[in-house]
Amino acid sequence: MAFPVLSTYRLQLRGASSGFGFTFADAENLLDYLDELGVSHLYLSPILTATSGSTHGYDVTDPTTVSAELGGPDGLAQLSRAARARGMGLIVDIVPNHVGIEKPEQNAWWWDVLRHGRSSPYATFFDIDWDLAGGRIILPLLGSDEDVADLTVDGDLLRLGNLALPIAPGPGTGTGSEVHDRQHYRLVGWRRGLCGYRRFFSISSLAALRQEDRVVFDTAHAEIARWFTEDLVDGVRIDHPDGLSDPSGYLAWLRELVGPNAWIVIEKILAVDEALEPTLPVAGTTGYEVMRAVGGVFVDPRGEAALTELVESAGLVYRAMPAMLADLKIHAATDTLASELRRLRRCIVAAAGADDPLLSDAVAALLSHIEVYRTDYPGLSAILPTALAQTQAATPQLGPALQAIAAALAHGGEPVARLQQLCGAVTAKAVEDCLFYRDARLVALNEVGGEPHRFGVGAAEFHHSAATRARLWPQAMTALSTHDTKRSEDVRARIGVLSQVPSLWTEFVARWEVHAPSPDPATGLFLWQNIFGVWPVSGEVTDQLRERLHAYAEKAIREAAWHTSWHDPDAAFEEAVHGWLDTVLDGPVAGALTELVAQLNSHAASDALGQKLLALTVPGTPDVYQGTELWDDSLVDPDNRREVDYATRRAALKELRHPKIRVVSAALRLRRARPDCLQHGQYRPVLASGQASDHVVAFRRGDDVLVAVTRWTVRLAETGWGNTVVPLPDGSWTDRLSGAVASGPTSAAELFADLPVVLLERDRG
C-alpha cells in the first residue's frame, strides 16, 4: 500500500568498505526516530550495486541488482515492510544517465564491450564513438601514451599497475603493447583530451548510457520496475535527466513503468528565469530553485554595494563576471569537453553537408550565450534562436559556421541531442564547478541553482514564486541542503548575515589580512567567508576542523582553476594556501574569528531557523537532509557525507529544547496532521504593517495555518519592533512551537517573544 509523500528525510547509504557503513538495516533502526520526528518517507541515495568502496552510489556498476553491501534485495524488502508498518514509505534516488567504470571488471556490461567490441550485446548500451579510432574505443586511462609499453599479459587480462582489462577472444600472444594493438579498445594518455565514449560531464570513470534505446531502458529499469510491482517504494528521484538524449521521452517511459501514482522528482537545475517544462509527467524538481528563494529572502540588499566594493578591492571587477562566465563556458567546451565538442562537430558536418573552419568556435560561442542546461524543452523554444542571434551579433565572422549549425539542427536527431548534452555539461563545468569558486562577493549565494549576481531575493519575488508553485507544482520537492550543496543551510545562513554587517566584515578581513595575509586576495576573500561559516562558537580548533578546512581549501582553489587545478596542480601555490590556513588556525586571527562568531551567531541562528521553517511550509514536499534537524556545519562533498550522530538527535527530539529540532518536528508533525493546508492548501502572503514590517516574511497555507519568520535581525536589534503588527485572520491561533495563543492584529514583539519564527494553527474548538 502506497502512502502519500508528505515529507522526506534524505539518507546517504554506503557499504562498510567505504570507510563506515550505513545500510538498509541502519536505516530501519532509525524508523522510530524519523516517525516521531514527523517524516513520512525515507529518501534513499542510490541503492543499486556500485563500485566497491563507493561513498555515494552514483557510480552504479550493475543496474540490475540491489547492492549486497547495503543489504541486497532482502534488506530492501525488510526496510520497506518495516516502514510500511509505521505508515511510512521509501523514495529511491536512481541514476539513468551513466554507470561506473572506474573498476572495469566490476561492470559486466562494460567488460563485455571491452572484450568483444561491436559484437558485444551491450555495445549499443553505451554512447561510444566507434569512429574516433577506427572501430576501437579510446580509453583515456594512461599517464601518457608511452605507458602502453608497460602493459603486461596475464592470462586473458592486460595489466598495468592496478588496472586490468580483458583481452579479446583468440590468440593473446606477444608483448603487452602488441596484444594491446589487437584489442577493441585503445589506451591513451588522459591529458590528450581524447575519449571514446560520452561521459558524465568530464568524469572518465562514468560512462553514459543510451536510455533512448528501448532495450537499454527496459534492461536498466527492470529492477526498478520490480520495486513498484512489489510495492516496495513510492517514488523515485531522477539524477541529472538533462544528460540524457531525450529527457522528455525518458520520463514518459518512466511514468508508464512506475504507474500514474508514483512520486517522481527530477534533479533539474533551473536558471533563475527558467520555468520547468509543464508537460513533463513529474511532480516537479528536487528544489534548487526553492533553496535560492528561501535563502535569498534573508539576504539584506543594503549590503550589496559595500560587499561589491570589498570584492573589487581584492582585484575582481564584479560587473565583468558575466564576461568571465562566457570565457569559462568557451574554455569548458573547447578544452575540458573537447572530446565531446569534436564529436558534435563531426555530426554537424555530416548533417549539414557543409564544413567551416570556425565551426567548433561557433559552437562554443553559441553555448556561452545560453543560460539554461538545455533548450529543447517545448517551453524553451525561443532560447536557441535568441542565442544564435546574440552570437551572430557579437561575432559576425562566425556567421557561416552558425548557418551550418542551424542547418544541422533542422535535421533533428543526433546533432540536436549532442548539442543539448554538451550545453548542460558546459554549464555545469563553468558555473557550479568553477565560477562559484571564484565569485567572492557573498558565497552564501554561490549554490547550485543560484545566481550570485542577483543579490538575494526580494519578498515580492519570494511570495509570487511560492504562489506560482502552489498552483503548478504543489508536490515538487523543497530542500535546503542536499548531497550536492556547496555548503549546508546553516553555514549559508551564517555567511548570509554578512550582508547585514558589510562594514564590520570589511574591517575584520582587513585586520586578519594584516596578521595572516592570504596568498591571493580574491582567493583569501573567498576562503575567509567559508572559514567564518564553519568556525565553532567555542573557538576550539580540533584536528577534525583543521583536516576539514585544509581539504575544503584544496578543493576550492582547484575548482576555481585560477592558480592551480585538478589537472595541473601548482604545488607552490597550494603549499602557500595550506601554510596560510595553519597561520589562521594557530595565530591571533583564531581569537578574532571566535569574537566575530560570538557577536553574530544569534543572528545566524535566527536566519537558520527562518530558512528551515520556510522550507518546511512553503508549497512543495520538504526534504530534510540527514542530520540537519540540528545545527550542521558541513561544506561541499565529501564533507557533507560524514557520519551523523543520531544518538544526540534522538535525545534532542525527546527534550525538544534545541530550537532547530523544535521547528523541524513541529512543522513535519503539522504537515502530517494538516495535509489539507500544508500539502494541498493555497498560498497567500500576509503583509505586516509598521516601522519594522520589512523584517517579517509571513504567509497562510490554506485556511488554518499561518507562518511568520523574522529577518535582518542585526538592524532589528537596534531599532526594535516598535509599532509593527502582523494581521492574524479571524479566530484564535496557537503557535505549535511555543504554545502561545494570539488573535487579531498582533504586535510582532509579542508574536516573536519566544523564537524568531512562529507556526500558527487556527483553533477549531
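Reading the values: the criteria
- Residues numbered from 1 in each chain as written.
- Predicted model: local features only at pLDDT ≥ 70, side-chain atom pairs only at ≥ 80, totals over all residues.
- Heavy atoms only, no water.
- Domains from an automatic or database assignment.
- Buried area = accessible area lost by both parts, 1.4 Å probe.
- Salt bridge = Lys/Arg side-chain N within 4 Å of Asp/Glu carboxyl O.
- Polar contact = N/O pair within 3.5 Å; in protein donor to acceptor, adjacent residues only side chain to side chain.
- Nonpolar A, V, L, I, M, F, W, Y, C, P; charged D, E, K, R; others polar.
- Core = buried A, V, L, I, M, F, W, Y, C linked by side-chain atoms within 4.5 Å.
- Buried < 20%, exposed > 50% of the residue type's maximum accessible area, 1.4 Å probe, protein only.
- Contact = heavy atoms within 4.5 Å.
- Helix = DSSP H or I, 4+ residues; strand = E, 2+ residues; numbered from the N terminus.
- Pairing = 2+ DSSP bridges.
- UniProt positions renumbered as here; feature names shortened; annotations may be inferred.
- 1 Å grid on protein atoms, 1.4 Å probe; cavity = no way out; pocket = protein on both sides within 12 Å on 5 of 7 lines; lining within 4 Å.
- Points joined across faces, edges and corners; volume = space filled by probe spheres on them.
- Expected span 1.5 Å × (residues − 1).

Some details on the domain arrangement of the chain
Quite often, the size of an interface is put as the accessible area lost when its parts meet.
Part 1: Considered domain by domain, the chain is made up of domain 1 (8-97 + 211-267), domain 2 (104-208), domain 3 (317-437) and domain 4 (682-762).
Part 2: Here the C-alpha centroids of domain 2 and domain 3 sit 30 Å apart.
Part 3: Summing the contributions of domain 2 and of domain 3, the shared interface buries around 1000 Å²; its carbon and sulfur component is 40%.
Part 4: On the domain 2 side of the contact with domain 3, Asp129, Arg198 and Phe201 bury the most area, a combined 45% of that side's loss.
Part 5: At the junction of domain 2 and domain 3, the tally comes to 4 salt bridges.
Part 6: Residues Arg418 and Asp127 are paired through a salt bridge, measuring 2.8 Å at the closest nitrogen-oxygen approach.
Part 7: For the pair domain 2 and domain 3, the interface holds 7 residue pairs in polar contact (both at pLDDT 80 or more).
Part 8: Classifying every residue of the side of domain 2 that touches domain 3 gives 6 nonpolar, 2 polar and 5 charged.

Digging into the nonpolar core
Part 1: Counting residues in each nonpolar core, the largest one holds 138 residues, and the members touching the most others are Leu11, Leu37, Leu42, Trp227, Leu254, Phe462 and Leu614.
Part 2: Contact partners of Leu37, with chain neighbours within four places excluded, come to Tyr9, Glu629, Leu653, Ile661, Val664, Ser665, Leu668 and Arg669.
Part 3: By size, the runner-up hydrophobic cluster in this structure holds 64 residues, among which are Leu435, Ile495, Leu498 and Trp580.

Digging into the pattern of salt bridges
Part 1: If you walk through the whole model with that rule in mind, you get 60 salt bridges.
Part 2: In this structure, the salt-bridge partner of Asp129 is Arg346, at a minimum N-O distance of 2.6 Å. Of the two residues, Asp129 is situated in the loop between α4 (108-116) and β7 (137-142) and Arg346 in helix α12 (residues 338-352); the sequence distance between them amounts to 217 residues.
Part 3: In this structure, the salt-bridge partner of Glu489 is Lys612, at a minimum N-O distance of 2.9 Å.

Quick word on the sheet that holds strand β13 (residues 203-208)
What links the strands of a sheet is backbone hydrogen bonding, and the strands pair in either a parallel or an antiparallel sense.
Part 1: Taken together, 3 strands build an open sheet; the order of strands is β6-β13-β12 and the sheet is antiparallel. Each having just a single partner strand, β6 (98-100) and β12 (199-200) make up the two edges of the open sheet.

Considerations on unusual backbone geometry
As a rule of thumb, non-glycine residues mostly have phi less than zero, and peptide bonds are mostly trans rather than cis.
Part 1: In this structure, the amide linkage connecting Asp637 to the following residue, Pro638, adopts the cis form with an omega of 5°.
Part 2: Phi at His240 takes a positive value of approximately 45°, unusual for a residue other than glycine.
Part 3: The topology assignment puts His240 in the loop between β14 (235-238) and α8 (247-258).

Here's the deal with the UniProt feature "domain: Glycosyl hydrolase family 13 catalytic" (unreviewed entry) in the chain
Part 1: As annotated by UniProt and renumbered to match this structure, "domain: Glycosyl hydrolase family 13 catalytic" (unreviewed entry) occupies residues 20-657.
Part 2: Counting secondary structure, residues 20-657 comes out at 46% helix and 11% strand; the distance between its end C-alpha atoms is 30 Å.

Things to note about the layout of surface pockets
Part 1: There is about 830 Å³ of room inside the second largest pocket.
Part 2: Lining the second largest pocket are 37 residues, with Trp631, Asp632, Asp633, Ser634 and Arg642 sitting closest to its centre.
Part 3: Secondary-structure elements contributing two or more residues to the lining of the second largest pocket are α18 (489-496), α20 (521-534), α21 (543-560), α23 (588-617) and α24 (646-655).
Part 4: Looking at side-chain class alone, the lining of the second largest pocket contains 14 nonpolar, 11 polar and 12 charged residues.

Some remarks on α21
Part 1: Here α21 contains 18 residues, and its C-alpha end-to-end distance of 26 Å stays within 8% of the 26 Å for a straight helix at 1.5 Å per residue.
Part 2: Residues of α21 that are buried in the fold lie against α20 and α22 (571-586).
Part 3: Following α21 by one or two positions, Ala561 has its phi on the positive side, about 55°.

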